[in-house]
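Observations on chain architecture
Spelled out from the first residue to the last, the chains are:
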Amino acid sequence: MTRLLRGLHPLRRVLTGRFVVPVALSALVGTGALTFVLLDGQAQGGASGGPGGANGILVALDQAGTGAPQNPTPPKQPKNTGTSNASVRIYRHGRLVAYGNSAILYEYPPQSYIPAGQALFETFCSSCHGTDASGTSRAPNLVGLGPATVDFWVTTGRMPAENPNAVQAPRKPAKLTDKQALEIAAWVNSLDPSEPAIPHVNLKHANLSDGFNLFSLNCAACHTITGAGDALAYGTYAPSLRSATPTQVAEAIRTGPGNMPRFTGNLTDKQVRDLVAYVTEKIQHPSNPGGFALGGVGPVAEGFVALLFGVGVLTLVAYWIGERA
Ligand code: HEC
Ligand code: HEC
């Protein structure tokens, strides 16, 4: 050990100079501050990038002729973008029961579910949304919403809400079963038949690299590239994507819950399928090559955390050598 220290002699001279402690300390504090700024910058970037990104997307949506009710003559929806203008349409007794293509099949809940749905709505929903679902001062009108919207809010546990004054209804364990959600969706849809129906995503031939590109372009600004979620403006947030099922991811994309934009004409069903595959296969099951994930905040932050600890250890070594001298 002493031989090793003697080998370090020139270094020791530098390290034991009277500037060592202040310099080492300022390096430690400086790196710490830098790490903090970078980590914080990342969070801020996500937050401020969110609404900005959303505006960009909303503009794109408007150009595609959707989501702009003030437009007097909206151009026709492109084919296979979540509406019944799809390459496959399935009728039973003259009624459209499903539509879609090989990537996504959108299915209406059966008519026979309507009476049970009305009873459930009366019990669990009418106190806020009104017995005819047209809304009250406590909650919005639901008439004219497609089955996918109702199914999303009920199966993700957002509805029935616990606190109607919350800025945003949180995801929580579902109070009603999947079948009950479909029954309510069937009844609401019977009041004013609408789209989209419930998406069943066929993930078999999904392209994960296309999914990744689409995700970085359309979703990462709000949900972050790892899907961990992030704060948006005014106390709202883009939630983590770790719990959503394939149907819920497709429903979110096609219906735009809360402050999320609705992606319709600008994403084909094939693209939605690739996105769903990327979220449910890659984001929900990240492959970790080893080491600590540090919450998966990203390689830059992880590098700086390493540097922070590294400089800390160096400082301790400098103290130790200084003391020995
Ligand atoms: C305690 C009051 C309350 C109850 C009970 C309730 N809701 Fe809601 N609901 C709300 C509020 C408030 C919102 C708006 C929340 C938001 O935007 O985050 C909402 C939003 C929704 C939305 C989204 C509307 C849209 O335009 O996107 C749906 C769908 C919905 N509720 C369905 C239901 C169903 C179905 C039930 C019964 C199972 C239910 N709600 C029970 C208060 C309630
Ligand atoms: C402008 C920001 C924004 C963008 C862009 C955005 N989202 Fe969202 N997303 C949100 C918000 C906000 C919510 C929660 C809405 C609520 O609960 O009121 C949400 C909810 C979700 C949910 C529901 C999660 C759960 O577990 O309940 C999924 C899934 C989702 N988004 C997927 C996506 C995908 C995929 C994309 C890209 C195609 C995307 N989002 C783009 C803001 C965004």
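The text that follows walks through the structure, step by step, so that each part is easy to find. (Residues numbered from 1 in each chain as written. Chains lettered and ligands numbered in written order. Predicted model: local features only at pLDDT ≥ 70, side-chain atom pairs only at ≥ 80, totals over all residues. Heavy atoms only, no water.)

Turning our eyes to something else, we now look at the nonpolar core. The nonpolar side chains of soluble globular proteins are, as a tendency, buried together. Of all hydrophobic cores here, the largest spans 26 residues; its most connected members are Tyr-99, Phe-215, Ile-253, Leu-267, Val-272 and Leu-275. It is helix α11 (residues 269-283) that contributes the most residues to this core, six residues altogether. Setting aside anything within four residues of it in sequence, one finds Phe-215 in contact with Ala-220, His-223, Thr-224, Ile-225, Gly-227, Leu-241, Leu-275, Tyr-278, Val-279 and Ile-283. If you look at the next biggest cluster of nonpolar residues, it comprises 16 residues, including Tyr-113, Cys-125, Val-154 and Ala-186. (Core = buried A, V, L, I, M, F, W, Y, C linked by side-chain atoms within 4.5 Å. Buried < 20%, exposed > 50% of the residue type's maximum accessible area, 1.4 Å probe, protein only. Helix = DSSP H or I, 4+ residues; strand = E, 2+ residues; numbered from the N terminus. Contact = heavy atoms within 4.5 Å.)

If you check the shell around ligand 1, you find 20 residues, and the closest are Cys-125, Cys-128, His-129, Met-159 and Ala-169. Within the side chain of His-129, an N or O atom sits 2.8 Å from a nitrogen atom of ligand 1. Of all the elements in the fold, those that place two or more residues in the shell around ligand 1 are α5 (126-129) and α6 (147-155). The element contributing the most residues to the shell around ligand 1 is α5, with three residues. Class assignment for the residues of the shell around ligand 1 results in 16 nonpolar, three polar and one charged. (Near = heavy atom within 4 Å. Polar contact = N/O pair within 3.5 Å; in protein donor to acceptor, adjacent residues only side chain to side chain. Nonpolar A, V, L, I, M, F, W, Y, C, P; charged D, E, K, R; others polar.)

The protein atoms that coordinate the iron atom of ligand 1 are His-129 (NE2) and Met-159 (SD), at distances spanning 2.0 to 2.2 Å. Geometry at the iron atom of ligand 1 is octahedral, judged from the six donor atoms that bind it and their angles of 86 to 179° at the metal. Here Met-159 lies in the loop between α6 and α7 (178-191) and His-129 lies in helix α5, a separation of 30 residues in the sequence. (Donors = N, O, S within 2.8 Å, 3.2 Å for Na, K, Ca; no water. Tetrahedral: all angles 85-135°; square planar, octahedral: opposite > 155°, others 65-115°.)

Taking strand neighbours across the sheet as the criterion, the four strands line up as β1-β2-β3-β4 in an open arrangement whose pairing is antiparallel. Every other strand in the sheet has two partners, leaving β1 (88-92) and β4 (198-201) as the edge strands with one partner each. Each adjacent strand pair in this sheet contributes to an overall mean axis angle of 25°, direction not counted. Bridge analysis of strand β3 (residues 104-107) against β4 gives four bridges, and the strand direction is antiparallel. Residue pairing for β4: Ile-104 is matched across the bridge by Val-201. Running at roughly 125° to β4, helix α10 (residues 246-255) makes contact with β3 and β4 of the sheet. (Pairing = 2+ DSSP bridges. Axes fitted to C-alpha atoms, helices over the stretch in contact; angles between N-to-C directions.)

Attention now moves to the packing of aromatic side chains. One pass over the full model with this rule turns up six aromatic pairs. With a centroid separation of 6.1 Å and an interplanar angle of 55°, the aromatic rings of Tyr-99 and Tyr-108 are classed as tilted. Both residues of the pair, Tyr-99 and Tyr-108, belong to the buried class. Pairing Phe-121 with Trp-187 gives two aromatic rings, centres 4.9 Å apart and planes at 50°, and the pair type is tilted. Taken as a pair, Phe-121 in helix α4 (residues 114-124) and Trp-187 in helix α7 lie far apart in primary sequence, 66 residues in all. Each member of the pair, Phe-121 together with Trp-187, is buried. Taken together, the ring pairs connect Tyr-99, Tyr-106 and Tyr-108 into an aromatic cluster. (Phe/Tyr/Trp six-rings, centres within 6.5 Å; stacked < 30°, edge-to-face > 60°.)

Looking at the iron atom of ligand 2, one finds its protein donor set to be His-223 (NE2) and Met-260 (SD), positioned 2.0 to 2.2 Å from the metal centre. Relative accessible area serves as the criterion here: at 23%, Met-260 is assigned to the partly exposed category.

Taken together, 29 residues sit near ligand 2, with Arg-158, Cys-219, Cys-222, His-223 and Met-260 positioned nearest. Residue His-223 places a side-chain N or O atom 2.8 Å away from a nitrogen atom belonging to ligand 2. When residues of the shell around ligand 2 are assigned to their parent elements, the largest contribution, three residues, is made by α10. Among the residues making up the shell around ligand 2, the classes are represented as 20 nonpolar, seven polar and two charged.

Our focus in this paragraph is the pattern of salt bridges. Under the defined criterion, the tally for this structure stands at three salt bridges. A salt bridge links Arg-254 to Asp-269; its shortest N-O distance comes to 2.8 Å. Residue Arg-254 is found in helix α10, and its partner Asp-269 is found in helix α11; the two are separated by 15 residues along the sequence. Across the pair, exposure class does not vary: Arg-254 and Asp-269 are buried alike. When the shortest N-O distance is used, the salt bridge between Asp-274 and Arg-273 registers 3.2 Å. (Salt bridge = Lys/Arg side-chain N within 4 Å of Asp/Glu carboxyl O.)

Across the two faces of β3 the burial differs, with Ile-104 and Tyr-106 buried and Leu-105 and Glu-107 not buried at all. The sheet contact formed by strand β2 (residues 95-100) and β3 spans three bridges and is antiparallel. Following the sheet pairing, Ala-98 is matched in β3 by Glu-107. What sits between the antiparallel neighbours β2 and β3 is a turn of three residues.

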